[in-house]
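# Structural overview
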Amino acid sequence: MDNYTHLSEVKDVLWDKVMAINLNGPFYATRRALQSMIAARSGVIINIASVAGLYGARAGTAYTVSKHGLIGMTKNVGYIYAEQGIRCNAIAPGRMESYEDHEIDYTRISPMVRESIPEGLALNLRISRPTEITRIALFLESDESSFINGEVIIGDGGWTAY
């Protein structure tokens, strides 16, 4: 995450770190995996995006841009490699339980951000457990989802329904 940092406040080091983890990492991993998947004419790629990749104010600028980019890559790969038996989908969780929940200092979020985050952002009904997102991934990997390709599956407990 990026502590909900707005564009005017994003430092280069934060931008580079978020892009390296959230966009460059999946790019390089997918490019490498495609080599063997193309040869096998089969494969499933599952990216972990975020509802921030679908909406503009669920995170800060760097995180939002990185997840939008990841969703774009997912859709592109899903379409381009479909005829070669390769599927690519993304999961877009809302807030998840993680070790970071204990490390983020929400008091460091700027007043500008606190004032601009809509009320609905605070109304996340339930935080997901990693095992719940894992179950979605297992479904996407299975033959039961063989016709799902280039899609984003939202797993947020109803948060984006607000």
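I will try to describe carefully the structure that is included in this document. (Residues numbered from 1 in each chain as written. Predicted model: local features only at pLDDT ≥ 70, side-chain atom pairs only at ≥ 80, totals over all residues. Heavy atoms only, no water.)

### Here we look at the sheet that holds strand β2 (residues 86–93)
For clarity, the cut-off: DSSP-based pairing: two strands are paired if at least 2 bridges between them are found. A run of H or I in DSSP becomes a helix once it reaches four residues, and a run of E becomes a strand once it reaches two; helices and strands are each numbered from the N terminus. All axes here are fitted lines through C-alpha atoms, helices being fitted over the stretch that makes contact, and every angle between N-to-C directions spans 0 to 180 degrees. Residues are treated as being in contact if the distance between any of their heavy atoms lies within 4.5 Å.
If you walk across this open sheet you meet the three strands as β1-β2-β3, and the pairing is parallel. The sheet terminates laterally at β1 (43–48) and β3 (152–155), the two strands that pair on one side only. Pairwise comparison of adjacent strand axes, ignoring direction, gives a mean angle of 25 degrees for this sheet. Where β1 lies against β2, six bridges are found, and the strand directions are parallel. The residue of β2 that forms the bridge with Ile45 is Cys88. Along the sheet face, helix α1 (residues 12–40) touches β1 and β2 and points at about 170 degrees away from the line of β1.

### Examining the environment of Leu23
Along the chain, the position of Leu23 falls in helix α1. As for Leu23 and Val65, which are separated by 42 residues in sequence, their C-alpha atoms are 9.1 Å apart. In this structure, Leu23 is in contact with Val18, Ser66, Gly69 and Leu70, ignoring residues within four places of it in sequence.

In short, shape yes, function no, at least from these values alone.
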